[in-house]
Amino acid sequence: MKIMEEKKDTAEIEGLKPFWGFPPPSVLKPFVHGGVAGLLTGSINGAMEYSGFHILKNVPLFRNHPTYVPRWIFVKIIPGLVLIDALAYSQLLGIYEILRRRAIATNEGMQPRLYQEAACGLITGAAGTCVSFPLYLALYRKRFESMGDAAGRWRLRSNLSHIFRYGSVSWKRRVGLGMGMVASYKPSLHYLVESWGFSEEDAKSGAGAISALSAAACALLAPYACSLVFARETLRLRGPLGFLTGLSGLCFHEAPKVIVFWAVFEELQKYSKPSIESEQS
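Quick summary incoming for the structure in this document.

Parameters and conventions
- Residues numbered from 1 in each chain as written.
- Predicted model: local features only at pLDDT ≥ 70, side-chain atom pairs only at ≥ 80, totals over all residues.
- Heavy atoms only, no water.
- Axes fitted to C-alpha atoms, helices over the stretch in contact; angles between N-to-C directions.
- Helix = DSSP H or I, 4+ residues; strand = E, 2+ residues; numbered from the N terminus.
- Parallel < 35°, antiparallel > 145°, perpendicular 65-115°, else oblique.
- Contact = heavy atoms within 4.5 Å.
- Nonpolar A, V, L, I, M, F, W, Y, C, P; charged D, E, K, R; others polar.
- Buried < 20%, exposed > 50% of the residue type's maximum accessible area, 1.4 Å probe, protein only.
- Core = buried A, V, L, I, M, F, W, Y, C linked by side-chain atoms within 4.5 Å.
- Patch = residues over 30% accessible without salt bridge, like charges linked within 9 Å, V, L, I, M, F, W, Y side chains within 5 Å.
- Areas by Shrake-Rupley, 256 points an atom, 1.4 Å probe, with all protein chains shown as cover.
- Salt bridge = Lys/Arg side-chain N within 4 Å of Asp/Glu carboxyl O.
- Expected span 1.5 Å × (residues − 1).
- Bend = angle between axes of the 7 residues up to and from the residue.
- Phe/Tyr/Trp six-rings, centres within 6.5 Å; stacked < 30°, edge-to-face > 60°.

## Things to note about the packing of helix H9 (residues 200-226) against helix H10 (residues 228-238)
Two measures define how a pair of helices packs: the angle their axes make with one another and the distance between the axes. Two elements in contact, H9 and H10, have axes separated by 5 Å at closest approach and are oriented at 110 degrees. It follows that H9 is roughly perpendicular to H10 by the angle criterion. Between H9 and H10, the residues in contact are Pro223, Tyr224 and Cys226 and Leu228, Phe230, Ala231 and Thr234, respectively. When its residues are assigned to classes, the contact of H9 with H10 shows six nonpolar, one polar and no charged.

## With respect to the side chain of Thr234
In this fold, Thr234 is placed in helix H10. Not counting chain neighbours up to four residues away, the residues in contact with Thr234 comprise Tyr224, Gly239, Gly242 and Phe243.

## Focus on the environment of Leu81
Considering the arrangement of structural elements, one finds Leu81 in helix H4 (residues 71-106). By relative accessible area, which is 15% here, Leu81 ends up buried. C-alpha separation for the pair Leu81 and Tyr136, spaced 55 residues apart in sequence, amounts to 7.7 Å.

## Describing the nonpolar core
In terms of nonpolar packing, the biggest core is built from 27 residues, with Met181, Val258, Phe261 and Trp262 touching the most fellow members. Looking at this core, the elements with two or more residues in it are H4, helix H8 (168-194), H9 and helix H11 (247-270). Dropping the residues within four chain positions of it, Val258 is found in contact with Met181, Gly208, Ser211, Ala212 and Ala215.

## A closer look at a nonpolar patch on the surface
Taken together, the side chains of Val32, Val36 and Leu40 make up a nonpolar region of the molecular surface, amounting to roughly 230 Å² of accessible area. Residue placement: Val32 occurs in helix H2 (residues 25-56). A relative accessible area of 48% places Val32 in the partly exposed class.

## Observations regarding H8
Its 27 residues place the ends of H8 40 Å apart at the C-alpha level, agreeing with the 39 Å of an ideal helix rising 1.5 Å per residue. Along H8, the sharpest kink reaches roughly 30 degrees, centred on Ser184 and followed within four residues by the proline Pro187.

## Thoughts on the packing of aromatic side chains
One pass over the structure, following the stated rule, counts seven aromatic pairs. Between Phe261 and Trp262, the aromatic rings sit 5.2 Å apart at their centres with planes inclined by 70 degrees, giving edge-to-face as the arrangement. Judged by relative accessible area, Phe261 falls into the buried class, the value being 1%. Put simply, the rings of Tyr89, Tyr185, Phe261, Trp262 and Phe265 touch in pairs and so form one group of aromatic residues.

## Section: unusual backbone geometry
In the Ramachandran plot, Glu108 falls in the positive-phi region, its phi being about 60 degrees despite a non-glycine side chain. For Glu108, a relative accessible area of 73% translates into the label exposed.

This is the structure:
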């Protein structure tokens, strides 16, 4: 196991050597794998969103709501959501791998420490959100504008400057979501294999579940971590359990996407490198 880890870390350090012109495959591969996995994950997410819309469209209260989206508009939105998800996951995984390899090079081949993993995840989540969040805003603004007179008040209030000013909670939650997702997967994978003796496949499944739970928890707590006043008011009005309000909804909405993403990513990894068991044999 130690020999395998040393070989892997040496290869990662070599992939960080300065390059001129076109980046080497070791740098581009995480972006490609993340984009493909994000494309499939976004397709599943779009199918889930459309299924929920198909169920609710016959409810009179839903159809009469000011934010009701006609079916033909909803169908046009799904491809944009899928492409934005693919871009977001590609940036998320690619930037994280670059930062993590840099941390390994700084540690002279040793695995990143927990604070280094957290720092890499935080920078990655912020960078990925800066790329994807404006695209989400533009897409939803287009949706509001396509709804006609039924959403006139949304059209007047949902300009980009207004959403950037008052949508900071959503931005912080997306940063926390990306941070918890990428920063917890590989440490959990190594921990389950080395400390608990899990097989490679079982460890990947367990790490995916831990990553999904960490992503939901970080997304939920990110607004409180960025505002001590908000955290103090929540603690005063709701108590300690008030910080967990909405965790079940986030887990239900985000956990399937995170688990599917890591499952697809690991399947793509099998075509580019040998498995741990084959290297040990």
